[in-house]
Amino acid sequence: MIVDILVTGTEKGKPLVFEIERGHLGSTRVELSSYLGTKPVVVATFVWDGIAPGDRNAHQFQVPLSTVLSGAP
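What you are looking at is a predicted structure, and each value in this text was computed from that prediction instead of being measured.

1. A look at the pairing of strand β3 (residues 41-48)
Relative to β3, strand β2 (residues 28-34) runs antiparallel, the two sharing seven bridges. By the bridge assignment, T28 is partnered in β3 with W48. Linkage of β2 to β3, two consecutive antiparallel strands, is achieved through a turn of six residues.

2. Quick notes on the pattern of salt bridges
Scanning the model with the defined rule gives three salt bridges in all. Across the pair R56 and E21 runs a salt bridge whose closest N-O atoms are separated by 3.2 Å. Taken together, the residues R56 in the loop between β3 and β4 (58-64) and E21 in strand β1 (residues 15-21) connect sequence positions 35 residues apart. As a salt-bridge pair, R29 and E31 come within 3.0 Å of each other at their nearest N and O atoms. The class for R29 is exposed, based on a relative accessible area of 56%. Counted as one network, the salt bridges with shared partners bring together E19, E21 and R56.

Parameters and conventions
Residues numbered from 1 in each chain as written. Predicted model: local features only at pLDDT ≥ 70, side-chain atom pairs only at ≥ 80, totals over all residues. Heavy atoms only, no water. Pairing = 2+ DSSP bridges. Helix = DSSP H or I, 4+ residues; strand = E, 2+ residues; numbered from the N terminus. Salt bridge = Lys/Arg side-chain N within 4 Å of Asp/Glu carboxyl O. Buried < 20%, exposed > 50% of the residue type's maximum accessible area, 1.4 Å probe, protein only.

In structure tokens, the structure reads:
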């Protein structure tokens with residue numbers, strides 16, 4: 001699945017935080033890409049195969065916003 005997001009309302013020094021909720025089988029891999037140049041550049045990769053306690057199997061990931069806005073890892 002590919003999802004495009006537009007980052008707005010940012011505060012300097014604050015990280016970009018996102019949450020993934022998934023089932024209990026396998027793993028989830030997320031590649032965060034920047035499209036500021038002529039070609040997309042992967043700036044962060046997250047892999048999660050755990051099971052969170054509670055009703056939701058969700059996990060938060062953070063990446064410095066400067067990493068996404070600069071377009072370089």
